[in-house]
Amino acid sequence: MTALLEAEGLVRRYEMRRGLLGRQVELRAVDGVSLRLERGETLGLVGESGCGKSTTGRLVLGLEAPDEGAVRFDGKPVPRPGSPAWRAQRARMQMVFQDPLGALDRRLAIGTQIAEPLEIHGIGAAQDRVAELLRDVGLRPDFAARYPHELSGGQRQRAVLARALATDPALLVCDEPISALDVSVQAQVMNLLIDLQAERRLTMLFISHDLRAVRQVSHRIAVMYLGRIVEEGEPDAVLRDPAHPYAQALVSAIPQPGKAAVRQVLQGDPPNPAARPPGCAFHPRCPVAVVACRHLVPELKPRASDGRRVACHVAQNEAMETAA
Amino acid sequence: MADPLVRIAGLRVEFDGIPALRGVDFEIASGEAVGLVGESGCGKSVTWLAALGLLPGKARVTGSVELDGQELLGAPMAVLDRVRGGQVAMIFQDPASSLNPVHRVGRQVAEALRLHRGMDGTAARAETRRLFDQVGIPDAANRIDAYPHELSGGQNQRVMIAMALAGRPRLLVADEPTTALDVTIQAQILDLLGRLRRETGMALVLISHDLGVVAETCERVAVMYAGHVVEEVSSARLFSTPAHPYTQGLLSALPPLDGLPRQHLPAIPGGVPDPRALPSGCAFGPRCPRHAALCDTAVPPLLQVVPGQRAACCILGADLPPAFGPVAA
């Protein structure tokens, strides 16, 4: 069986002007990302702001067309954005964003908003279908008559999920779905995502900066840095023994209650995607960088020892000769 | 505490008759690092805005806030001007909106030096440079003349910290100082705050929604819920033996880093109560698994559990099972 979603060498560039009369600068938000999502699997995409994780989410949904590379959904290429074929396919892939209040229309009752995708895709908007969707996300059916401002943050995010599930999608892309919620409510929404994923055999791309949350919901995680995936593997394997120096820094930055802080603090600022360092983009902040890292871009490939996919000369033991 | 640096007693705040703080008692010793944890709207920021007289005029503030024995609530402007930015400095979540975008960052720090230490000209510039070095801004000599938009979020937060240090504060209140920053930058800023505290001996109040961040940086933690402090405990005991069901719930809602993945978290049901319609008695009652009739009768006071740990709960006891344990299989 083919994977539900395959992305191959995605590149997305933006043109940016520095200053009023400055020259055009090219910003590579996504710089050669390949990923594979098996049916019923959740892939967690972690990284800091500006690493291209949200753009990657938009590219796989076809909300933006990649400058290079291709996305295949269910074995077929994703049609051009805006085309009728794309619209038809959109029913099978849905997106959930960070800010539920921004994602909902404040002037429409929740029930109307959940029924909208049913109408758009000609599925027929039966009232009991809306009630069923509300129940699925843990809201009472009478919430259909309420307006977004009458709901709490967690309830709004549940309503957004109900709307996303209305067309019974195969793929759900969640972009920081819990970041705007309170700690106690985050746990509720994560539980809901785990349940929905298991019950509906949903395939999920879970985008977050929070490694704890990503471990909580994902079968596999991919760490992004400056538009590239630098490490990919099972959540526990990556968290216990991160191979890439950047992943190591991310893991050690997780506040660990009760554990004395022997934190590895990364030096320097988060990098600027408009001025991508040559070679390995991480080398200016990397504590173990060798000469090769400055000019050779490392390739994401399985490590010899345990098959972990990592894009690092040092972790791959390739750089030792040049270092000497 | 013999002579606390700050003593907050019975602090209450109302906005248009809607309570935001409902009686907060809190003490901070000199040089101590205390964390203030809670969800949005619990009053953790309002406590300090009220203490420093920074709330808008429509807020009704009662109670007492003493700094070194001097009452701050209703104090004359001249006193508050000396305290704010001088003895007590505050930094906020979003450094970019705290800085003036049309002035160079060095000038903004120099302004604080002029106001609180009477420094001018070359002396102020030299001291600004020293402060920039102290907070770890690389290439300090040139960054002094940068505008906020030319610096990253982490660097702007360092500028804010430099500005806070300009008045040689005895207490730094950091309100979610790392929430808007990336994870790796958050680690840098927390390290910096810890180092500065050791170097200068100032006390630190770290306001955060993140239990992990607070426990790592602070010796003592106060957990707030719906305008009350519901538990006060050392960071060590916070994770080993939390007493209040809300604290226990917050801790168990944190996804673990080991054990079976993709298991249900023991989440606290429901949401934070609406301050316009607070439940009678304990505000956490409706969400609490230990809830009993007793809980609805009166707001429980903070009582000592063991020395160094106080909790505001009607049903306390060492032999009680955790309110939010791992979900039974």
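Bear in mind the structure is a predicted one, so any value in this text is a computation, not a measurement.

Calculation notes
Residues numbered from 1 in each chain as written. Chains lettered and ligands numbered in written order. Predicted model: local features only at pLDDT ≥ 70, side-chain atom pairs only at ≥ 80, totals over all residues. Helix = DSSP H or I, 4+ residues; strand = E, 2+ residues; numbered from the N terminus. Rg over C-alpha atoms; globule rule 2.2 N^0.38 Å. Buried ≥ 20, exposed ≤ 12 C-beta atoms within 10 Å, placed from the backbone. Contact = placed C-beta atoms within 7 Å. Nonpolar A, V, L, I, M, F, W, Y, C, P; charged D, E, K, R; others polar. Axes fitted to C-alpha atoms, helices over the stretch in contact; angles between N-to-C directions. Parallel < 35°, antiparallel > 145°, perpendicular 65-115°, else oblique. Left-handed = near helix turned anticlockwise from the far one by under 90°. Pairing = 2+ DSSP bridges. Domains from an automatic or database assignment. Core = buried A, V, L, I, M, F, W, Y, C linked by C-beta atoms within 7 Å.

### So, the overall build of chain A
Then step 1. When you go through chain A residue by residue, the secondary structure sums to twelve helices and twelve strands.
Then step 2. Taking 20 Å as the expected radius of gyration for a compact globule of 324 residues, we find that chain A reaches 21 Å, a close match to that expectation.
Then step 3. For chain A, the spread of C-alpha atoms along the principal axes amounts to about 70 × 50 × 50 Å.
Then step 4. Counting only residues that meet the buried cut, chain A has 48% of its 324 residues in that class.

### Observations concerning the overall build of chain B
Then step 1. Along the backbone of chain B there are eleven helices and twelve strands.
Then step 2. On C-alpha atoms alone, chain B measures out to a radius of gyration of 21 Å, which is about the 20 Å that the 2.2 N^0.38 rule sets for 329 residues.
Then step 3. Based on the C-alpha atoms only, the size of chain B along its principal axes is roughly 65 × 50 × 35 Å.
Then step 4. Here chain B, with 329 residues, has 47% of them falling under the buried criterion.
Then step 5. In chain B, the share of contacts with a sequence separation of at least 24, taken over all contacts with a separation of at least 6, comes to 63%.

### Observations regarding helix α4 (residues 110-120) of chain A
Then step 1. When we look at burial in α4 of chain A, the residues that qualify are Ile110, Gly111, Gln113, Ile114, Ala115 and Leu118 of chain A.
Then step 2. A positive phi of about 60° marks Gly122 of chain A, the residue just after α4 of chain A.

### Notes on the environment of Gly38 of chain B
All names here are of chain B.
Then step 1. Take Gly38: it is sitting in the loop between β3 (33-37) and α1 (44-51).
Then step 2. A residue is classified by how many C-beta atoms lie within 10 Å of it, and Gly38, with 27 of them, is buried.
Then step 3. Along the primary structure Gly38 and Cys314 are separated by 276 residues, whereas in three dimensions their C-alpha atoms are 20 Å apart.

### A word on the interface of chain A and chain B
Then step 1. Counting residues at the interface gives 37 residues for chain A, matched by 35 residues for chain B.
Then step 2. Contributing elements (two or more residues each) for the side of chain A that touches chain B: α7 (183-200), α8 (211-217), α9 (235-240) and α10 (245-252) of chain A.
Then step 3. Per-element accounting of the side of chain A that touches chain B gives the leading share, nine residues, to α7 of chain A.
Then step 4. Among the residues forming the side of chain A that touches chain B, the class breakdown is 19 nonpolar, eleven polar and seven charged.

### Focus: the packing of α4 of chain A against helix α5 (residues 127-136) of chain A
Residues and elements named next belong to chain A.
Then step 1. Following both chains from N to C, one finds α4 and α5 inclined at 110°, their axes separated by 10 Å at the closest point. Here α5 runs roughly perpendicular to α4, going by the angle between their axes. Two packed elements cross with a definite hand, and for α4 against α5 that hand is right-handed. Between α4, through Gly111, Ile114, Ala115 and Leu118, and α5, the contact on the second element is made entirely by Arg129, Val130 and Leu133.
Then step 2. Across the contact of α4 with α5, the residue classes tally to five nonpolar, one polar and one charged.

### Some remarks on the sheet that holds strand β12 (residues 309-310) of chain A
All names here are of chain A.
Then step 1. With mixed pairing, the eight strands of this open sheet are ordered in space as β6-β7-β8-β3-β9-β10-β12-β11. With one partner strand each, in any of the chains shown, β6 (93-96) and β11 (301-302) form the two edges of the open sheet.
Then step 2. Bridge count between strand β3 (residues 42-46) and strand β8 (residues 203-208): five bridges; the pairing is parallel. Within β8, the residue paired with Leu45 across the bridge is Ile207.
Then step 3. Seen against the sheet, helix α6 (residues 153-165) touches β6 and β7 (171-175) and runs at an angle of roughly 170° to β6.

### A look at the sheet that holds strand β11 (residues 303-306) of chain B
Residue and element names in this part refer to chain B.
Then step 1. Ordered in space as β6-β7-β8-β3-β9-β10-β12-β11, the eight strands form an open sheet in which the pairing is mixed. Single-partner strands in this sheet number two, and they are β6 (88-91) and β11. Averaged over all pairs of adjacent strands, the angle between strand axes in this sheet comes to 20°, irrespective of strand direction.
Then step 2. Pairing between strand β7 (residues 171-175) and strand β8 (residues 203-208): five bridges, direction parallel. Paired with Leu172 across the strands is Leu204, a residue of β8.

### Brief notes about the domain arrangement of chain B
Residues and elements named next belong to chain B.
Then step 1. Domain boundaries in chain B define domain 1 (1-87 + 170-282 + 302-324) and domain 2 (98-168).
Then step 2. For domain 1 versus domain 2, the distance between C-alpha centres works out to 29 Å.
Then step 3. Per-class residue counts for the side of domain 1 that touches domain 2 are eight nonpolar, three polar and no charged.

### Description of the nonpolar core
Then step 1. Within the largest apolar cluster, 197 residues are counted, with the highest numbers of intra-cluster contacts made by Ala162, Val223 and Val230 of chain A together with Val109, Ala162, Leu171 and Val205 of chain B.
Then step 2. Considering every element that reaches this core, the biggest residue donor is helix α7 (residues 153-166) of chain B, with eight residues.
Then step 3. Both domains that furnish three or more residues to this core are identified here as domain 1 (1-87 + 170-282 + 302-324) and domain 2 (98-168) of chain B.
Then step 4. With near-sequence residues (within four places) excluded, Val230 of chain A lies in contact with Val223, Met224, Tyr225, His244, Tyr246, Ala247, Phe282, Val310, Ala311 and Cys312 of chain A.

### A short note on unusual backbone geometry
Among all residues save glycine, negative phi is the norm, and among peptide bonds the norm is trans.
Then step 1. Unlike most non-glycine residues, Leu226 of chain A shows phi in positive territory, near 45°.
Then step 2. Within the secondary structure, Leu226 of chain A is located in the loop between β9 (220-225) and β10 (228-233).
Then step 3. Overall, the presence of 24 C-beta atoms within 10 Å leaves Leu226 of chain A in the buried class.
Then step 4. One non-glycine residue, Asp68 of chain B, lies in the positive phi region at around 55°.
Then step 5. By the element assignment, Asp68 of chain B lies in the loop between β4 (59-67) and β5 (70-71).
Then step 6. Note on Asp68 of chain B: 13 C-beta atoms within 10 Å, which makes it partly exposed.

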